[in-house]
Amino acid sequence: MQTLWGVLGAAAVVSAVILLVDFVETSRDIATRVDISALRAFWLTLLRAPMLIQETLPFIMLFGVLWTFFRLNRQSELIVLRASGVSAWRILAPPLLLAVVIGLLGATALNPLGAATNARFELARERLLGGRTGVAALATGPVWLREPTQDGYAIITADGLDAGESALSDPIIRIYEAGAAGSPEFARRITASRAVLSGGFWSMTDAVEHRPGEARVELGDIALPTTIGRQALFERARSPGGVSFWRLPGIAASAQEAGLSSRAYELRWQALLSQPLMLAAATLLAVAATLRLTRLGGTAAFAIAGGLAGFVLYFMQELMINLGSAGAVNPVTAAWTAPALFSLAGLFFIASTEDG
């Protein structure tokens, strides 16, 4: 209960800080373009709050445990517990269990809530700024898709994507079929002014077919069968950070079926799975920094060092995630390395302090 109250206090302080900062940022971004009230700006900030809090959970856990154990140490409660035969491992068990539970809830409950409220924020922002309605109505750059076919594959390119309507602007479909030698050969090209994905078909407007050595053929409005799912096309316009924990595996699979890279979704999935270990690592660092007896002096310096170690853990995790995004390491290694290393470091320090 002492740790829980410390974590709740840290959550209140950190949440207040990030809400204040995001309120200023939202006001600067939107209020300078359109006339909105401070209450409306604060409501938009609240919509982003769950996602922001979920991203700062390691700091909430770190500062909450640091404050709790530093206070217990200063009041000699830890000294009394250890003198009465309670080992550091028994003292460590409750905050570790709390860290794992919070990590699981953060990934499975807070993250989906944050994804939903962030989608509402994007929708409200689009409407205020005069954009198209619908959270998925996001303008993107050139689109590239690869789709396997019965006789080969098709390369689909377009100038832009309107994911809200599952539509491609100025699409070009290049179809390759297996040749006599078994290697793919260019068969035909279909261009159109617009293609809408609906019910397993591309509904193409003003389609024109081009075959090698033949004159162009005006096809008009046609429908071409496709295996690309609407979900894969929809998520093409969104970042993995805005996708719910429960939908990430399906999105990664549909992206692979569409010929898109699923690395970003796999990386996000692994990062959320590793969040309980990430919070456990922050807890171990906080406990290790506050177990030193007060009478030996330097407890404040150790607590500050524990806080700095928590920041190093966070930046190490961000570095590994960036390496994973660049393809230098696989998603599992990128997401789990930093929490695992810092957890082992915290356990080693506690073991050397407790057992010598």
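Residues numbered from 1 in each chain as written. Predicted model: local features only at pLDDT ≥ 70, side-chain atom pairs only at ≥ 80, totals over all residues. Heavy atoms only, no water.

Enquirer: I keep staring at the overall build of the protein and nothing clicks. Help me out?
Expert: The secondary structure content of the protein amounts to eleven helices and nine strands. The proportion of buried residues among the 356 residues of the protein is 44%. If you take every contact in the protein between residues at least 6 apart in sequence, the share linking residues at least 24 apart comes to 59%. Per element, the accessible surface of the protein, about 17,400 Å² overall, is 64% carbon and sulfur. (Helix = DSSP H or I, 4+ residues; strand = E, 2+ residues; numbered from the N terminus. Buried < 20%, exposed > 50% of the residue type's maximum accessible area, 1.4 Å probe, protein only. Contact = heavy atoms within 4.5 Å. Areas by Shrake-Rupley, 256 points an atom, 1.4 Å probe, with all protein chains shown as cover.)

Enquirer: For this particular structure, what's the right way to read the UniProt feature "transmembrane region" (unreviewed entry) in the protein?
Expert: Taking the UniProt record as the reference, the feature "transmembrane region" (unreviewed entry) is found at residues 6-24, 45-69, 89-110, 271-291, 297-316 and 328-351. Between the end C-alpha atoms of residues 271-291 there is a gap of 29 Å, over a span that is 90% helix and 0% strand. Between the C-alpha atoms that bound residues 328-351 there is a distance of 34 Å. The span itself is 88% helix and 0% strand. (UniProt positions renumbered as here; feature names shortened; annotations may be inferred.)

Enquirer: Is there a simple way to explain the packing of helix α2 (residues 38-55) against helix α3 (residues 57-74) in this structure?
Expert: To describe two helices that pack against each other, one gives the angle between their axes and the distance between the axes. The contact between α2 and α3 brings their axes to 4 Å, and the two run at 60°. Accordingly, the angle class assigned to the pair α2 and α3 is oblique. Within the contact between the two elements, α2 uses I53, Q54 and E55 and α3 uses L57, P58 and I60. (Axes fitted to C-alpha atoms, helices over the stretch in contact; angles between N-to-C directions. Parallel < 35°, antiparallel > 145°, perpendicular 65-115°, else oblique.)

Enquirer: Quick question: what am I supposed to make of the pairing of strand β7 (residues 194-198) here?
Expert: Walk down a regular strand and you will see the side chains alternate between the two sheet faces. Residues A195 and L197 line the buried face of β7, whereas the alternating positions R194, V196 and S198 sit on a face that is not buried. When β7 meets strand β8 (residues 201-210), the two strands line up antiparallel, connected through five bridges. Considered in β8, the bridge of L197 is made with W202. The antiparallel hairpin formed by β7 and β8 contains two residues in its connecting segment, where G199 sits at a positive phi of about 60°. (Pairing = 2+ DSSP bridges.)

Enquirer: Is there a simple way to explain the packing of α3 against helix α9 (residues 275-290) in this structure?
Expert: α9 packs onto α3 with a crossing angle of 25° between their chain directions and a minimal axis gap of 8 Å. As judged from the angle between their axes, α3 and α9 are roughly parallel. Every pair of crossing elements has a handedness; the one defined by α3 and α9 is right-handed. Where α3 approaches α9, its residues L57, P58, M61, L62, V65, L66, F69, F70 and N73 are matched on the opposing element by Q275, M278, L279, A282, T283, A286, V287, A289 and T290. (Left-handed = near helix turned anticlockwise from the far one by under 90°.)

Enquirer: Hey, could you run me through α9 in this one?
Expert: Along an α-helix, a turn takes 3.6 residues, which lines up residues three or four apart on a common side. With 16 residues, α9 should reach 22 Å at 1.5 Å per residue; the first-to-last C-alpha distance of 23 Å fits that figure. Among the 16 residues that make up α9, 15 are buried, leaving the element largely enclosed by the rest of the structure. (Expected span 1.5 Å × (residues − 1).)

Enquirer: Hey, could you run me through the pattern of salt bridges in this one?
Expert: When the charged atoms of two side chains with opposite charge come close together, those side chains can pair. Per the stated rule, a full pass over the model turns up six salt bridges. With a shortest N-O distance of 2.5 Å, R28 and E25 are connected by a salt bridge. Placement of both R28 and E25 in helix α1 (residues 2-31) is noted, with a separation of three residues, approximately one turn of the helix. In this structure E25 comes out as partly exposed when scored by relative accessible area, which is 38%. Between R188 and E209 there is a salt bridge, with the nearest N and O atoms lying 2.7 Å from each other. You can see R188 sitting in strand β6 (residues 184-191) and its partner E209 sitting in strand β8, a full 21 residues away along the chain. The network of salt bridges with common partners includes R188, E209 and R211. (Salt bridge = Lys/Arg side-chain N within 4 Å of Asp/Glu carboxyl O.)

Enquirer: So what exactly am I meant to see when it comes to the nonpolar core here?
Expert: Generally speaking, a soluble globular protein has its nonpolar side chains buried in company with each other. Among the nonpolar cores identified, the biggest contains 37 residues, and M61, I102, V287, L313 and I350 are the most heavily contacted of them. Residue assignment for this core shows that the elements contributing at least two residues are α1, α3, α5 (88-128), α9, α10 (299-325) and α11 (331-355). Looking at this core element by element, the count peaks at ten residues for α9. Setting aside anything within four residues of it in sequence, one finds V287 in contact with V65, F69, L92 and I350. (Core = buried A, V, L, I, M, F, W, Y, C linked by side-chain atoms within 4.5 Å.)

Enquirer: Even after reading the chapter, I still don't get α2, so can you show me in this structure?
Expert: The end-to-end C-alpha distance of α2, which contains 18 residues, comes to 25 Å, matching closely the 26 Å that a straight helix rising 1.5 Å per residue would cover. At A49, α2 shows its strongest bend, of approximately 40°, with the proline P50 following within four residues. Of all the residues in α2, the buried ones are A41, L44, T45, L47, A49, P50, M51 and Q54. (Bend = angle between axes of the 7 residues up to and from the residue.)

Enquirer: When you look at the packing of aromatic side chains in this model, what are you seeing that I'm missing?
Expert: Aromatic ring pairs are defined here through the distance separating the ring centres and the angle between the ring planes. All chains considered together, the criterion is met by ten aromatic pairs. Between F63 and F311 the ring centres are 6.2 Å apart and the planes differ by 55°, which places this aromatic pair in the tilted class. Note that F63 is positioned in helix α3 and F311 in helix α10, a separation of 248 residues in sequence. (Phe/Tyr/Trp six-rings, centres within 6.5 Å; stacked < 30°, edge-to-face > 60°.)

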